[in-house]
Amino acid sequence: MEQDNRKETQAIREQTPRTQYREHSTPLFLTSSFTFESAESMAATFAGEESGIIYSRYNNPTVDELIAKACALEGMEAGFATASGMAAVFASLAALVQQGDHIIATRAVFGSTHQLLTEILPRWGVSCTYVEPDKQDDWAAAVRPETRLFVTETPSNPGLQLVDLAGAGAFCREHGLLFVVDNCFATPYLQRPADYGADLVTHSATKWMDGQGRVLGGLLLGTKAVMEKVIFFCRHTGPAMSPFNAWVLTKSLETLRIRMDAHCASALHLAEWLGTQPSVTKVHYPFLESHPQYALARKQMKAGGGIVTFELADGAQAARQLLNSLEMCSRSSNLGDTRTILTHPATTTHSKLSPAERANVGISDGLVRMSVGLEAVEDIKKDLLRGL
Ligand SMILES: *Cc1c(COP(=O)(O)O)cnc(C)c1O
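Going through the model one piece at a time under the given rule, you end up with 0 disulfides. Of all cysteine sulfurs in the structure, the one in Cys128 sits closest to Cys172, which takes part in no disulfide; the separation is 13 Å. Free cysteine: Cys264, not disulfide-bonded; nearest cysteine sulfur from Cys184 at 13 Å.

Its location among the elements puts Thr309 in strand S9 (residues 307–312). Within the structure, the side chain of Thr309 is placed 3.4 Å from the backbone oxygen of Pro158, a separation counted as a polar contact. Once you skip the residues sitting within four places of it in the chain, Thr309 turns out to touch Pro158, Leu160, Lys282, Val283, His284, Leu367, Val368 and Arg369.

According to the stated counting rule, one finds 13 salt bridges in the structure shown. Between Asp383 and Arg386 there is a salt bridge whose closest N-O contact spans 3.1 Å. Here the residues in one salt-bridge network are Arg18, Glu65, Lys69, Lys251 and Glu254, joined through shared partners.

Taken as a whole and judged by the stated rule, the model has 8 aromatic pairs. Here Phe36 and Phe46 contribute two aromatic rings whose centre-to-centre distance is 6.3 Å and whose plane-to-plane angle is 50°, an arrangement assigned as tilted. A residue pair is termed long-range when its members are at least 10 positions apart, and Phe36 in the loop between helix H1 (6–13) and helix H2 (39–46) and Phe46 in helix H2 qualify at 10 residues. Judged by relative accessible area, Phe36 falls into the partly exposed class, the value being 21%. Through a chain of ring-to-ring contacts, three or more aromatic side chains come together here, namely Trp139, Phe150, Phe171 and Phe179.

In this structure, Phe150, Leu274, Val308, Phe310, Leu342, Met370 and Leu384 are the most contacted members of the largest nonpolar core, which totals 78 residues. Both domains that furnish three or more residues to this core are identified here as domain 1 (2–255) and domain 2 (256–385). In this view, Leu274 contacts Val280, Val283, Val308, Phe310, Met370, Leu384 and Leu388; residues no more than four positions away in its chain are not counted. Ranked by size, the runner-up nonpolar core spans 28 residues in total, among them Ala105, Leu116, Val126 and Val180.

The end-to-end C-alpha separation of helix H3 (residues 61–74) is 20 Å, in line with the 20 Å expected for 14 residues at 1.5 Å each. Taking burial as the measure, the 14 residues of H3 include 12 buried ones, the bulk of the element. Where H3 begins, one side-chain oxygen reaches toward the backbone nitrogen of Thr62, 2.9 Å away; that side chain belongs to Asn60. Once H3 finishes, Gly75 follows within two positions and takes phi at roughly 70°, a positive value.

To continue, consider the site of the ligand. Lining the immediate surroundings of the ligand are Ser84, Gly85, Met86, Phe110, Glu153, Asp182, Cys184, Phe185, Ser204, Thr206, Lys207 and Gly217. Within the side chain of Asp182, an N or O atom sits 2.7 Å from a nitrogen atom of the ligand. At a separation of 2.6 Å, an oxygen atom of the ligand approaches a polar side-chain atom of Thr206. Partitioned by chemical class, the residues of the shell around the ligand number 4 nonpolar, 5 polar and 3 charged.

The 5 strands lie next to each other as S8-S9-S12-S11-S10, forming an open sheet whose pairing is mixed. Edge strands, defined here as strands with exactly one partner in the open sheet, are strand S8 (280–284) and strand S10 (330–331). Bridge count for strand S11 (residues 341–343) against strand S12 (residues 367–371) is 3 bridges, and the pairing is antiparallel. Bridging across to S12, Leu342 finds its partner in Met370.

Now for the packing of H1 against H3. Where H1 contacts H3, the two axes come as close as 8 Å, and the packing angle between them is 175°. In this view, H1 runs roughly antiparallel relative to H3, as classed from their interaxial angle. Within the contact between the two elements, H1 uses Lys7, Glu8, Gln10, Ala11 and Ile12 and H3 uses Lys69, Ala72 and Leu73. Here the residues of the contact of H1 with H3 sort into 4 nonpolar, 1 polar and 3 charged.

Taken as a whole, the protein is organised into domain 1 (2–255) and domain 2 (256–385). Facing the 42 residues of domain 1 at the interface are 40 residues of domain 2. For the pair domain 1 and domain 2, the two sides together bury roughly 3,400 Å², of which 60% comes from carbon and sulfur. Summed over the three residues of domain 1 that lose the most area to domain 2, namely Tyr189, Leu190 and Trp208, the buried surface amounts to 23% of that side. Summed over the shared surface of domain 1 and domain 2, the result is 1 salt bridge. Here Asp164 ties to Lys299 by a salt bridge, and the two come within 3.9 Å at their closest N and O atoms. Our count for the domain 1 to domain 2 interface comes out at 19 residue pairs in polar contact (both at pLDDT 80 or more).

The rules behind the values
Sequence order sets the numbering: in each chain, residues are counted from 1 along the sequence as written. Only residues with pLDDT of at least 70 are given local features in this predicted model, and only at 80 or more are side-chain atom pairs given and counted; all residues enter the totals for whole chains, interfaces and linings. The basis for the side-chain values is all heavy atoms of the structure; hydrogens and waters are excluded. Defined by distance alone, a disulfide is two cysteine sulfur atoms within 2.5 Å. By the criteria applied, helices consist of DSSP H or I runs no shorter than four residues and strands consist of E runs no shorter than two, each listed in order from the N terminus. In protein, a polar contact means a hydrogen-donor-capable atom and an acceptor-capable atom, both N or O and within 3.5 Å, with residues adjacent in sequence counting only if both atoms are side-chain atoms; elsewhere, any N or O pair within 3.5 Å suffices. Here, two residues are considered to be in contact whenever any of their heavy atoms come within 4.5 Å of each other. The salt bridge criterion pairs a side-chain nitrogen of Lys or Arg with a carboxyl oxygen of Asp or Glu, the two atoms within 4 Å. Two rings from Phe, Tyr or Trp (for Trp, the six-membered ring) form a pair when their centres sit within 6.5 Å of each other. Planes less than 30 degrees apart are called stacked, planes more than 60 degrees apart edge-to-face, and all others tilted. The buried label applies to any residue whose accessible area, calculated with a 1.4 Å probe on protein chains only, is under 20% of its type's maximum; exposed applies above 50%, and partly exposed to all values in between. The set of buried Ala, Val, Leu, Ile, Met, Phe, Trp, Tyr and Cys residues whose side-chain atoms join them within 4.5 Å is what this entry labels a nonpolar core. Where each domain begins and ends follows an automated or database-derived domain assignment. Multiplying 1.5 Å by the helix residue count minus one yields the expected span of that helix. Throughout this document, a residue counts as near a molecule or strand when at least one of its heavy atoms sits within 4 Å of that molecule or strand. Throughout this entry, Asp, Glu, Lys and Arg are counted as charged residues, while Ala, Val, Leu, Ile, Met, Phe, Trp, Tyr, Cys and Pro are counted as nonpolar. The remaining residues, Gly among them, count as polar. Paired strands, in this sense, are two strands between which DSSP finds at least two bridges. In this analysis an axis means a line fitted to C-alpha atoms, helices contributing only their contacting stretch, and an angle means the value between N-to-C directions, from 0 to 180 degrees. For classification, angles of less than 35 degrees are called roughly parallel, those exceeding 145 degrees roughly antiparallel, those between 65 and 115 degrees roughly perpendicular, and all remaining angles oblique. By convention, the term buried area covers the 1.4 Å-probe accessible surface removed from two parts as they join, with the contributions of both added.

As structure tokens, this is what we get:
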């Protein structure tokens, strides 16, 4: 993909109007509510005739700056920031469906998204059909008259399977479906679903967007038409992000490009290196030529991302041994941090799935997920070698 970083520049310089102090960095408006010049201006703001800040469940200047930056990065028109990534995913679905509606989702969505689609939304009469991310010819068979949304994630967690965004966009247009993408793994720096017709993008800002493991956060970014419904839903159900978290995240976004360049360079290096280790039977990384969708990865992503997964010959036993031998890298279920993190999905993040369901989404007992941090690769290798 072309190296055009104008959107990143915009995200660095984007700022809400400053106070009379002309502060340079983003001020933190840790206040629940705002006042009005007059009763008339208050009435006009409530009526939407004047733009203004009302109440932090609706909007807040610090949060608005984060949203403006994220919109610039994603190439989207409007946004809303939520307390966590899952609050964003829930709002992206609940705001756009009603009883009797049907959703098509690619298999291997995030664990809690799977629970929403299969356990929570069905209680309100909303059903879901899973399709295989790489078998687009079969998707049309899942479409029903009541299908409203197509929901996807690419690359997937932890299988790192890709969905062809151009193909998915065309599929949604053909069948009149709203196109919703969880872009958490790629970040808007590596991949912009809006370029392929996505109506709505969700993020767990907790991951690469903060990238430093400090705060929870979620983002909903979309077209004006879709965000009108989503913002209405969010204002009245209350998942708003804390201004403090927005203040942390708005600065995080200014370094997204340089952090992701470094994460991706180390991840590619480690993926290649892991492939030469005798105890590793398979390495999954979108920018490895051995990835079955390597050509697609090169087409729609700027780089392969910060997650590498690999399979160990001796299964769960070997994975446990590797995790227990770590002296520097962290054993944690999180991802997208300056610190390298290793996880054993089969016994942690995906332990609620049956062995058959795990096999279906490519999670073997010996699979290890590594979120590559910003430490020197030589130090990461040294730590991994202890247990490989
Ligand atoms: C972590 C994650 C989420 C949920 O985000 P939280 O901030 O933990 O609520 C959703 N989607 C993906 C792909 C994730 O990795």
